Amino acid sequence: MTTRSLFLLPGDGIGPEAMAEVRKLIAHINEKEDAGFVTDEGLVGGSAYDAHGQAISEEDMAKAMAADAVLFGAVGGPKWDGVPYEVRPEAGLLRLRKDMALFANLRPAICYPALAASSSLKPEVVEGLDILIVRELTGGVYFGEPKEIVDLGNGQKRGIDTQVYDTFEIERIAGVAFELARTRGNKVCSMEKHNVMKSGVLWKEVVAATHAAKYSDVELTHMLADAGGMQLVRWPKQFDVIVTDNLFGDMLSDVAAMLTGSLGMLPSASLGAPDPVTGKRKALYEPVHGSAPDIAGQGIANPIAMIASFAMCLRYSFGMIAEADRLEKAISTVLDKGLRTGDIMSDGCTRVTTSEMGDAVLEAYAAG
Ligand code: NAI
Ligand code: MG
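Criteria and thresholds
Residues numbered from 1 in each chain as written. Chains lettered and ligands numbered in written order. Predicted model: local features only at pLDDT ≥ 70, side-chain atom pairs only at ≥ 80, totals over all residues. UniProt positions renumbered as here; feature names shortened; annotations may be inferred. Helix = DSSP H or I, 4+ residues; strand = E, 2+ residues; numbered from the N terminus. Rg over C-alpha atoms; globule rule 2.2 N^0.38 Å. Buried ≥ 20, exposed ≤ 12 C-beta atoms within 10 Å, placed from the backbone. Contact = placed C-beta atoms within 7 Å. Axes fitted to C-alpha atoms, helices over the stretch in contact; angles between N-to-C directions. Parallel < 35°, antiparallel > 145°, perpendicular 65-115°, else oblique. Left-handed = near helix turned anticlockwise from the far one by under 90°. Nonpolar A, V, L, I, M, F, W, Y, C, P; charged D, E, K, R; others polar. Arc of directions from axis to C-beta. Core = buried A, V, L, I, M, F, W, Y, C linked by C-beta atoms within 7 Å. Domains from an automatic or database assignment.

The name given to the chain in an unreviewed UniProt entry is 3-isopropylmalate dehydrogenase, and the organism recorded there is Oricola thermophila. The annotation that UniProt attaches to the chain under Catalytic activity (unreviewed entry) is "(2R,3S)-3-isopropylmalate + NAD(+) = 4-methyl-2-oxopentanoate + CO2 + NADH". Under the UniProt heading Pathway (unreviewed entry), the note attached to the chain is "Amino-acid biosynthesis; L-leucine biosynthesis; L-leucine from 3-methyl-2-oxobutanoate: step 3/4."

**Observations concerning the overall build of the chain**
Summing up its helical and strand segments, the chain has 12 helices and 14 strands in all. Computed over the C-alpha atoms, the radius of gyration of the chain is 21 Å, within 12% of the 21 Å expected from 2.2 N^0.38 for a compact globule of 368 residues. Overall, the chain is about 60 × 50 × 45 Å in size when its C-alpha atoms are taken along their principal axes. Within the chain, buried positions represent 48% of all 368 residues. Counted over contacts in the chain with a minimum sequence separation of 6, partners at least 24 positions apart contribute 73%.

**Let's talk about the packing of helix α11 (residues 321-336) against helix α12 (residues 354-367)**
Look at α11 against α12: their axes get within 8 Å of each other, and the N-to-C directions meet at 120°. Taken together, the axes of α11 and α12 are oblique relative to one another. Taken as a pair, α11 and α12 cross one another with a handedness that is right-handed. Contacts between α11 and α12 involve Arg 326, Leu 327, Ala 330, Ile 331, Thr 333 and Val 334 from the former and Ala 360, Val 361, Ala 364 and Tyr 365 from the latter. Each residue belonging to the contact of α11 with α12 can be placed in one class, and the counts come to 8 nonpolar, 1 polar and 1 charged.

**Some points on the UniProt feature "binding site: substrate" (unreviewed entry) in the chain**
In the numbering used here, UniProt assigns the "binding site: substrate" (unreviewed entry) feature to Arg 97, Arg 107, Arg 135 and Asp 226. Of the residues just listed, which span 130 residues, the most distant C-alpha pair is 27.4 Å apart, and they do not cluster in one region. Assessed through the 24 C-beta atoms surrounding it within 10 Å, Arg 107 is described here as buried. Discounting chain neighbours no more than four positions away, the residues touching Arg 107 are Ile 133, Arg 135, Ser 253, Ala 256, Ala 257, Ser 268 and Val 288. Within the element layout of this structure, Arg 135 appears in strand β5 (residues 130-136). When sequence neighbours within four positions are dropped, the list of residues in contact with Arg 135 reads Asn 105, Arg 107, Thr 244, Asn 246, Gly 249, Asp 250 and Ser 253.

**Examining helix α8 (residues 225-234)**
Within the sequence span of α8, burial applies to Ala 225, Gly 228 and Leu 232. Axial view of α8: buried residues confined to an arc of 40°, hence all on one face. α8 presents Ala 227 and Arg 234 as exposed residues on the side facing more than 90 degrees away from its buried surface.

**Considerations on the UniProt feature "site: Important for catalysis" (unreviewed entry) in the chain**
The UniProt feature table records "site: Important for catalysis" (unreviewed entry) at Tyr 142 and Lys 193. Inspection of the secondary structure assignment puts Tyr 142 in the loop between β5 and β6 (144-151). The contacts of Tyr 142, once residues within four sequence positions are left out, are Asn 246 and Leu 247. Position of Lys 193 relative to the elements: it lies in the loop between β8 (187-192) and α7 (198-214). Among residues more than four places away in sequence, those in contact with Lys 193 are Gly 200, Leu 224 and Ala 225.

**Observations regarding the environment of Pro 267**
Take Pro 267: it is sitting in strand β11 (residues 267-274). Separated by 18 residues in sequence, Pro 267 and Tyr 285 have C-alpha atoms that sit 7.6 Å apart.

**Topic: the nonpolar core**
Nonpolar side chains in soluble globular proteins generally cluster together in the buried interior. Of all hydrophobic cores here, the largest spans 109 residues; its most connected members are Val 70, Leu 71, Val 134 and Ala 177. Lining this core are residues from two domains, each supplying at least three of them: domain 1 (1-103 + 272-368) and domain 2 (106-265). Setting aside residues up to four positions removed in sequence, Val 70 forms contacts with Phe 7, Leu 9, Ala 64, Leu 96, Ala 283 and Leu 284.

**Points about the domain arrangement of the chain**
The domain architecture assigned to the chain consists of domain 1 (1-103 + 272-368) and domain 2 (106-265). Each of domain 1 and domain 2 was reduced to a C-alpha centroid, and the two centroids are 24 Å apart. On the domain 2 side, the residues contacting the 20 residues of domain 1 number 17 residues. Where the side of domain 1 that touches domain 2 is concerned, the elements lending two or more residues are α10 (304-316) and α11. Looking at the side of domain 1 that touches domain 2 residue by residue, the class counts come to 12 nonpolar, 5 polar and 3 charged.

**A word on unusual backbone geometry**
The linkage connecting Glu 145 with the following residue, Pro 146, adopts the cis geometry, with an omega of 0°. With respect to the helices and strands, the residue Pro 146 is situated in strand β6. Even without being a glycine, Asp 34 presents a positive backbone phi close to 50°. As for its placement among the helices and strands, Asp 34 is situated in the loop between α1 (15-33) and β2 (37-41). Classification of Asp 34 as exposed rests on a count of 10 C-beta atoms within 10 Å. Phi is positive for Ala 101, close to 50°, though the residue is something other than glycine. Secondary-structure assignment places Ala 101 in the loop between α4 (89-99) and β4 (104-110). With 15 C-beta atoms counted inside 10 Å, the residue Ala 101 sits in the partly exposed group.

So this is what it looks like as structure tokens:
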């Protein structure tokens, strides 16, 4: 039988509460569908700091590197505000992203029909929305050198960040976007600012060349990133996959996220390059939200973002497309029934706890 290794890093705050609901699903899929998931679990963030003074131990780092996929909850909270910079909870996540070389950040924006009415946009603009933003995560202006504040000596200082992209970085993120598009609506829109940025000129050229060389079956369009932001709010359903750089992707994915409602609904995936021998990609799946210290420990957090992150894991790390579709449909079914955690509560709906929501999704999955 195939075995599939999952390394679970629940983290702090509501992270462990949300992860508990995913554990139920893993157990169910193993039992009913012989999926062969083998799980191990580690400490990250504040819980790791409390245990051994590091944001993640070398042992847990090694396990994350060796696993087929990592499921990450959330880290951070006021309890650790005073700890040294290098071992603060967020350092654990940054270390994972860096050591696993997770260059492709996938952020879907899906608007479940039952929640369309509570979007800040008109229901018809968002209802049925299903787009995917592919953001380059390890290059660009957040990492380019020089990066400094220079004292100009005349009472002025100069802050410098440098946008740098090399051909291979653009090629590999474009490749991820085109491949994902083939599994969805077969359309990619690439966003940059070639009108004012040299890196944007190169971005557009390399995306077009990658398309011509290997992916001409996929429909490719280009859009200036500012116009893209406008179009995301005007008529988001025109998009399927959007591929963009680190900075624009940071902003555009947050804009897209809010088309669909609560932070408690939003999953993400971060992928590395395929292993040259096995073809497997390192991957980490996590909700977009943080540790929500204001509601942690009360059993009221929305576990859907974590559960939807697991659905992405089934889809992208294990090719379990039918199961991923079924799990996403189970989420939709539960929302259609009117079950709501506090963050997505509205009139006429039934308020449920974290574990009630998890159980309902599991039940709908099992029935589907
Ligand atoms: P947050 O995402 O933790 O919370 C923002 C607001 O949304 C809070 O009112 C919270 O109760 C609510 N919320 C978030 N997720 C929810 C869920 N699943 N169900 C119901 N309500 C939910 O962001 P915040 O408050 O800015 O940060 C709190 C801590 O989390 C900080 O220490 C921050 O550094 C950390 N953080 C960690 C991230 C990660 O682990 N990837 C990402 C973002 C923040
Ligand atoms: Mg951001």
